[in-house]
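So you can see what is in the structure, the chains are spelled out below.
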Amino acid sequence: MQKVTLPTFPVAGGCQCGKVRYTLKAPPLTLYCCHCTECQRQSASAFGMSMRVRLADTEVTGHVARYVRPADRGSPFLGDFCPACGVRLIHRRDAYGQEVSLKAGTLDDTFWLVPAGHIWARSKQAWVTFGADEIVHERQPESFDGLKARWREMTMARLR
């Protein structure tokens, strides 16, 4: 398991054109790679990186638009994005409660990003491999507790 040195918080990020910016005031609860086909399309890559954060720890400035689609199970899936450049910034569902998934690649500085695990591995690209000690979920996990616990081990962070 790779250890992670967290930056000093707050940290900032935003969309490609700069019209939407955000500040993350506290460390994320976890960081993971999502290999679902939606994240592949949205990121134009093999996976998306998501940070589970508390909504109260996130301050967004600028106007965001929202994409809504039905989820495989449970409440609809919401994606907040910049209407000018189209960059997706936040994913949320009612089932997440007061937590949201912040798209990690939108941070200004990404040097410290190391995922605690992987979700939707059944949709991964054929060339993607996982280490024997990595947390891997074939689908959406019922709970993110395991990924959060691994993140705490990796960061040695005291998360509220």
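Predicted model only: the values in this text are computed from it and were never measured.

Undergrad: Break down the sheet that holds strand E4 (residues 48–54) for me, citing the residues and quoting the values.
TA: The eight strands lie next to each other as E6-E7-E8-E9-E4-E3-E10-E11, forming an open sheet whose pairing is mixed. Strands with a single pairing partner mark the edges of an open sheet, and in this sheet they are strand E6 (65–69) and strand E11 (135–136). Relative to strand E7 (residues 77–81), E6 runs antiparallel, the two sharing five bridges. Within E7, the position partnered with Ala65 by the bridge is Phe81. Strands strand E3 (30–34), E4, strand E9 (99–103), strand E10 (117–119) and E11 of the sheet are contacted by helix H2 (residues 145–155), whose axis makes an angle of about 120° with E3.

Undergrad: Before we move on, could you go through the nonpolar core and cite the residues and values that matter?
TA: Ranked by size, the top nonpolar core spans 33 residues in total, and within it Met51 and Trp112 carry the most contacts. Apart from the residues within four sequence positions on either side, Trp112 is in contact with Val4, Thr5, Leu6, Pro7, Phe9, Pro28, Met51, Leu107 and Trp151.

Undergrad: Break down the side chain of Glu99 for me, with residues and values.
TA: Here Glu99 lies in strand E9. On the accessibility criterion, Glu99 (17% relative accessible area) is buried. In this structure the side chain of Glu99 is engaged in a polar contact, spanning 3.4 Å, whose partner is the side chain of Arg52. At 2.8 Å, the side chain of Glu99 and the side chain of Lys148 are in polar contact. Discounting residues that sit within four places of it in the chain, Glu99 has contacts with Leu29, Arg52, Val53, Arg54, Leu55 and Lys148.

Undergrad: Hey, could you go over the side chain of His118 for me, with residue numbers and the actual values?
TA: Relative to the helices and strands, His118 is located in strand E10. A distance of 2.9 Å separates polar atoms of two side chains, one belonging to His118 and the other to His35.

Undergrad: I'd like a rundown of the packing of aromatic side chains, residues and numbers included.
TA: Counted under the stated rule, the structure contains three aromatic pairs. Seen from their ring centres, Tyr32 and Phe144 are 5.2 Å apart, and the 40° between their planes marks the pair as tilted. Highlighted residues: Tyr32 in strand E3 and Phe144 in the loop between E11 and H2, separated in sequence by 112 residues. Tyr32 gets classed as buried once you look at its relative accessible area, which sits at 2%.

Undergrad: Could you give an account of the environment of Ile119, with specific residues and numbers?
TA: One can find Ile119 in strand E10. Residues Ile119 and Cys82 lie 37 residues apart in sequence; the distance between their C-alpha atoms is 25 Å. Here Ile119 is in contact with Tyr32, Cys33, Cys34, His35, His137, Arg139, Gln140, Pro141, Phe144 and Leu147, once residues within four sequence places are set aside.

Undergrad: Quick one: what's the story with the environment of Tyr67, residue by residue and with numbers?
TA: You can see Tyr67 is positioned in strand E6. Looking at Tyr67, the relative accessible area reads 34%, which means it is partly exposed. In this structure the C-alpha to C-alpha distance between Tyr67 and Gly79, which are 12 residues apart in sequence, comes to 4.9 Å. Setting aside residues up to four positions removed in sequence, Tyr67 forms contacts with Glu38, Phe77, Leu78, Gly79, Phe81 and Arg88.

Reading the values: rules and limits
- Residues numbered from 1 in each chain as written.
- Predicted model: local features only at pLDDT ≥ 70, side-chain atom pairs only at ≥ 80, totals over all residues.
- Heavy atoms only, no water.
- Pairing = 2+ DSSP bridges.
- Helix = DSSP H or I, 4+ residues; strand = E, 2+ residues; numbered from the N terminus.
- Contact = heavy atoms within 4.5 Å.
- Axes fitted to C-alpha atoms, helices over the stretch in contact; angles between N-to-C directions.
- Core = buried A, V, L, I, M, F, W, Y, C linked by side-chain atoms within 4.5 Å.
- Buried < 20%, exposed > 50% of the residue type's maximum accessible area, 1.4 Å probe, protein only.
- Polar contact = N/O pair within 3.5 Å; in protein donor to acceptor, adjacent residues only side chain to side chain.
- Phe/Tyr/Trp six-rings, centres within 6.5 Å; stacked < 30°, edge-to-face > 60°.

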